[in-house]
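Topology and contacts: notes
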Amino acid sequence: MSLVRYGRLLRLWAAFLGVAFAVGQTALAATPIPVPKPQRASTAAQGDSDPIGALLRERGLAGPTVSLPVVIGLKLTEDGKNSRFTLEFSDPVDVRAFTLAGPNRVIVDMPDVLWRMPDPTRPSGKGAVKAYRYGQFRKGNGRLIVDLNKPVKFATPQTLPPEGGAGFRVVLDLGPTTATDFAANAGWPAGMQPMSAPIPVSPRAPAGKRVVIIDPGHGGIDPGTHSPNGIVEKDLVLSVARTLRKSLEATGRYRVQLTRDGDVFIPLRERVNMGRAAHGDLFVSLHADSNDHREIRGASVYTLSEAASDREAGNLAEKENMSDIIAGVDLSGENNPVATILIDLAQRDTMNRSVRFAETVLSALPGVTSVQSASPHRSAGFAVLKAPDVPAALIELGYLTNTKDESEMATEAWRTRVSNAIAQAIDAHFTGDTKALPRQATNP
Ligand SMILES: [Zn+2]
């Protein structure tokens, strides 16, 4: 192992410690479990021969861009009742595997890695593995999530040293078990309980400035939906959020906070808490939709309600609320986000403001982008809109599955236009002056 490679690992670990510390200050139930310091595999000391360097070069992965351990292989082998994941790494990486119930999943946490393996094996669907996904969970935390068809058990995965042309390997064997056993063992590993500290409260905005929280949906390991041509929801909404922030800040009237300003995953409840901690006057969640019926297009705006305004709105809320499950967040300690929402009197005022904002956005969008013709304002149990004291709406900007919507959304001109219209709606919401909007309210 060369000094350069060893230095790289040290830097990585220092970076990881920094992140773990920050997490300790602000963590919620979804805090990733810290992954222990990578152990130097004894056989890694191969003198100057650097077999891994040779392996990376052979696979076209060497070079200055490789600054993190690289996942160079991901193989799933299914054999009757057993399934085996073999992860192949450029460096020795310690992983921590655990299970979560409801839905049943296996989570494999590791430090930040680059996922660069050629064609990972797809599950047959006949074994215990229903599907799996991988990516960055948080800064400093990579994650593999396995959705299960049936309960499984496994022994602590071990790291194997490089051998026979393969890199460092982590083998995870999933074998059959009973539902009772699975349920009994599911949850965060003992001694590694998720912390539950509040998000730091921001000082109030200077007098006269409103605080607007912009929430680009999804992120990191949860990409959201995507277009046939590869536009990914998480990237699109982040870019709209940044443009919107610029539009709002240019007025000098707003302090704008993004729930994420990068490709990172943030649990839904944490997004809600960020809005509250920042004393948000308004929370705007940005998303893009998809539909099997490709002809469906146009934006729509959603607010929170106990009962969904229609079945489609209910289904959409369920889909957007899946974000935490997709990213492997443990929801066992919290209320089910899709469970009934109790709206008390204090929340009524927030709800009314939310509805008024939704209507204002809908009066600003026609002529700027396509808007759903049938009931563009709907409501359902969106977990991200649940702050009792921050008026909130979720904007579905359009359908990535519609050719016209998709080609528009791909342009910077569209993003600028839509951001400006939403910024105008936000302004009109606070001033009560809707005259400046591109079009008046769409009530027939
Ligand atoms: Zn979404």
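What counts and what doesn't
- Residues numbered from 1 in each chain as written.
- Predicted model: local features only at pLDDT ≥ 70, side-chain atom pairs only at ≥ 80, totals over all residues.
- Helix = DSSP H or I, 4+ residues; strand = E, 2+ residues; numbered from the N terminus.
- Buried ≥ 20, exposed ≤ 12 C-beta atoms within 10 Å, placed from the backbone.
- Contact = placed C-beta atoms within 7 Å.
- Pairing = 2+ DSSP bridges.
- Axes fitted to C-alpha atoms, helices over the stretch in contact; angles between N-to-C directions.
- Arc of directions from axis to C-beta.
- Core = buried A, V, L, I, M, F, W, Y, C linked by C-beta atoms within 7 Å.
- Parallel < 35°, antiparallel > 145°, perpendicular 65-115°, else oblique.
- Left-handed = near helix turned anticlockwise from the far one by under 90°.
- Nonpolar A, V, L, I, M, F, W, Y, C, P; charged D, E, K, R; others polar.
- Expected span 1.5 Å × (residues − 1).
- pLDDT = per-residue confidence, 0-100.

Scanning the protein chain from terminus to terminus reveals ten helices and 16 strands. A total of 444 residues make up the protein chain; the buried ones form 42% of that total. For the protein chain, the share of sequence-separated contacts (at least 6 apart) that also reach a separation of at least 24 residues comes to 78%.

A few words on the environment of Leu304. Within the secondary structure, Leu304 is located in strand 14 (residues 300-304). Separated by 90 residues in sequence, Leu304 and Leu394 have C-alpha atoms that sit 8.8 Å apart.

Taken in spatial order, the six strands of this open sheet run 12-11-13-16-14-15, and their pairing is mixed. The open sheet is flanked by strand 12 (254-258) and strand 15 (377-380), the only strands paired with a single partner. Looking at each pair of strands side by side, their axes are set apart by 25° on average, direction ignored. Sheet analysis places strand 14 next to strand 16 (residues 392-399), joined by three bridges and oriented antiparallel. Within strand 16, the position partnered with Tyr302 by the bridge is Leu394. Seen against the sheet, helix 6 (residues 311-321) touches strand 13 (282-289), strand 14 and strand 15 and runs at an angle of roughly 60° to strand 15.

Moving on: helix 6. Listing the buried residues of helix 6 in full gives Ala313, Leu316, Ala317 and Glu320. One face of helix 6 carries all of its buried residues, which in axial projection span an arc of 100°. Opposite the buried face of helix 6, by more than 90 degrees, sit the exposed residues Arg311 and Asn315. The inward-facing, buried residues of helix 6 abut strand 13, strand 14, helix 7 (323-326) and strand 15.

Attention now moves to the sheet that holds strand 3 (residues 96-100). Spatial strand order, 3-4-7-6: four strands in an open sheet with antiparallel pairing. Of all the strands in the sheet, just strand 3 and strand 6 (129-138) have a single pairing partner and so form its edges. The average angle at which neighbouring strand axes cross in this sheet is 20°, direction not considered. Sheet topology places strand 3 next to strand 4 (residues 105-110); five bridges connect them, and they run antiparallel. Within the sheet, the bridge partner assigned to Arg96 lies in strand 4 and is Asp109.

Here the focus is the nonpolar core. Counting residues in hydrophobic clusters, the biggest one holds 57 residues, and the most contacted among them are Val212, Val361, Phe382, Ala393, Ile395 and Ile422. In terms of nonpolar packing, the next biggest core, distinct from the first, is built from 30 residues, Val71, Phe98, Val152 and Phe168 among them.

Attention now goes to the pairing of strand 2 (residues 82-89). Bridging between strand 1 (residues 70-79) and strand 2 involves eight bridges; their strand directions are antiparallel. Residue pairing for strand 2: Glu78 is matched across the bridge by Ser83. The hairpin turn running from strand 1 into strand 2, its antiparallel successor, is two residues long, and Gly80 in that turn takes a positive phi close to 60°. Both strand 2 and strand 10 (residues 168-176) contribute to a ladder of seven bridges, which runs antiparallel. Of the residues in strand 10, the one forming a bridge with Phe89 is Phe168.

Where helix 4 (residues 233-250) contacts helix 10 (residues 412-431), the two axes come as close as 8 Å, and the packing angle between them is 50°. By the angle class used here, helix 4 and helix 10 are oblique. Relative to helix 10, the crossing made by helix 4 is right-handed. For the pair formed by helix 4 and helix 10, the contact residues are Ser239, Val240, Thr243, Leu244, Ser247 and Leu248 on the first element and Arg415, Thr416, Val418, Ser419, Asn420, Ile422, Ala423 and Ile426 on the second. In terms of residue class, the contact of helix 4 with helix 10 is built from seven nonpolar, six polar and one charged.

Over its 20 residues, helix 10 extends 28 Å from the first C-alpha to the last, a length consistent with the 28 Å expected when each residue adds 1.5 Å. Those residues of helix 10 that sit buried are Arg415, Val418, Ser419, Ala421, Ile422, Ala423, Gln424, Ala425, Ile426, Asp427 and His429. Within two residues after helix 10, Gly432 carries a phi angle of roughly 75°, on the positive side.

Before going further, it helps to examine the confidence of the model for the protein chain. On average, residues of the protein chain score 81 in pLDDT, and 79% of them are at 70 or above. Note on residues 336-341: pLDDT is under 50 here. Beyond four places in sequence and across chains, it has 13 contacts.

This part takes up unusual backbone geometry. A cis amide bond, omega -5°, links Gly102 with the succeeding residue Pro103. Unusually for a residue other than glycine, His218 sits at a positive phi of about 60°. Mapped onto the fold, His218 is located in the loop between strand 11 (210-216) and helix 4. We note that His279 has phi near 55°; this positive angle belongs to a residue other than glycine. You can see His279 is positioned in the loop between helix 5 (268-277) and strand 13. On the neighbour-count criterion, His279 (17 C-beta atoms within 10 Å) is partly exposed.

Judged by C-beta crowding, with 27 C-beta atoms within 10 Å, His218 ranks as buried. Between the C-alpha atoms of His218 and Met322, which are 104 residues apart in sequence, the distance is 9.9 Å. Apart from residues lying up to four places away in sequence, His218 is in contact with Pro223, Gly224, Glu233, Lys234 and Ser323.

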